[in-house]
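Spelled out, the chains give:
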Amino acid sequence: MEEDNEYLAVLDYLYSKSLMLQDTGGFDKVLYFYLIDSLAHIDYTAGILAYNFGSPKNIIGAEYLRWRIDEEKKGDRAKFPGFVNWLREIKPEKFKVLPSLWQMIYDTEDPASYRSFRIVPDPDSKRPLSPDFFFAVIDEFFDTEFLKSLYADASLGTLFTAYCADH
């Protein structure tokens, strides 16, 4: 690991964020799962760029990955990718304000994906993601208006409930 590794600053920036001012118990349970899941993907991807792949930090991340794959398939969580695409088609104004990571990963028309738990916006690119990418997506997930929309009775929470009722 390089001493001046710029990805350590990304991790420090992520770890300095807080949900202290939010009542996460009031968030829609599925939306909360995907919020934490996205933060874990950001942490993992920046972590493998900042630390040796064989480091304990990365090995622990791989253990979470096995658990996460099964958890994503449970209950209404399996409907989340469809919900994002439904927003893109039916409520484009709501889709446009979703965190860009959700837009990229779950939009069926975008080639981005999670690969081995890494965030991969362009499968054909072999270049690492820039630290600026991480700073931007971290800020989107900690945006106050976005966090407020995650409550079960808030805009995104009620839209997800309505989507699940119909699908």
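Reading guide: rules and limits
- Here the residue numbering is sequential within each chain, running from 1 through the sequence in written order.
- pLDDT decides what is reported in this predicted model: residues at 70 or higher carry local features, side-chain atom pairs at 80 or more are listed and counted, and totals for whole chains, interfaces and linings draw on all residues regardless.
- Excluded from the side-chain calculation are hydrogens and water; included are all heavy atoms of the structure.
- Each Phe, Tyr or Trp ring, with Trp reduced to its six-membered ring, pairs with another whose centre is within 6.5 Å; inter-plane angles below 30 degrees give stacked pairs, above 60 give edge-to-face pairs, and intermediate values give tilted ones.
- Secondary structure elements follow DSSP: runs of H or I of four or more residues count as helices, runs of E of two or more count as strands, with numbering from the N terminus.
- Partly exposed residues are those whose accessible area sits between 20% and 50% of the maximum for their type, while under 20% is buried and over 50% is exposed, using a 1.4 Å probe and protein chains only.
- Salt bridges are counted wherever a side-chain nitrogen of Lys or Arg sits within 4 Å of a carboxyl oxygen of Asp or Glu.
- Contacts between residues were defined by any pair of non-hydrogen atoms, one from each residue, lying within 4.5 Å.
- Points on a 1 Å grid, built from protein atoms alone, make a cavity when a 1.4 Å probe fits but cannot get out and make a pocket when they are open with protein on both sides within 12 Å along at least 5 of 7 lines; residues with an atom within 4 Å of a point are the lining residues.
- Grid points are joined across faces, edges and corners, and a volume is the space filled by probe spheres set on the points.
- Classification convention: Asp, Glu, Lys, Arg as charged; Ala, Val, Leu, Ile, Met, Phe, Trp, Tyr, Cys, Pro as nonpolar; all other residues, Gly among them, as polar.

Draft legend 1. Spotlight on the packing of aromatic side chains. Counting across every chain of the model gives 20 aromatic pairs. With a centroid separation of 4.7 Å and an interplanar angle of 75 degrees, the aromatic rings of F27 and Y151 are classed as edge-to-face. Placement of the pair is F27 in the loop between α1 (6-15) and α2 (29-50) and Y151 in the loop between α8 (144-149) and α9 (155-166), with a sequence separation of 124 residues. Neither residue differs from the other here; F27 and Y151 are each classed as buried. Seen in terms of ring centroids, F141 and F146 are 5.9 Å apart; in terms of plane orientation they differ by 75 degrees. Their pairing is edge-to-face. Here F141 matches F146 in class, with each residue buried. Joined through ring pairs, the aromatic side chains of F33, Y34, F80, F83, W86, W102, Y106, Y114, F141, F146, F160 and Y163 make up one cluster.

Draft legend 2. Seen up close, the pattern of salt bridges. Going through the model one piece at a time under the given rule, you end up with eight salt bridges. Within the structure, one salt-bridge network assembled from shared partners comprises R88, E89, D107 and E109.

Draft legend 3. Structural detail: the environment of V120. The residue V120 is located in strand β2 (residues 118-120) in this model. On the accessibility criterion, V120 (9% relative accessible area) is buried. Along the backbone, V120 and W102 are 18 residues apart, and their C-alpha atoms lie at a distance of 12 Å. Residues in contact with V120, not counting those within four places in the same chain, are P111, A112, S113 and R115.

Draft legend 4. Local environment of the layout of surface pockets. A volume near 270 Å³ is recorded for the largest pocket. Lining the largest pocket are 15 residues, with R118, I119, V120, S125 and R127 sitting closest to its centre. Elements supplying a minimum of two residues to the lining of the largest pocket: α2 and β2. Here the lining of the largest pocket is composed, by residue class, of eight nonpolar, two polar and five charged. The space that makes up the second largest pocket amounts to roughly 160 Å³.

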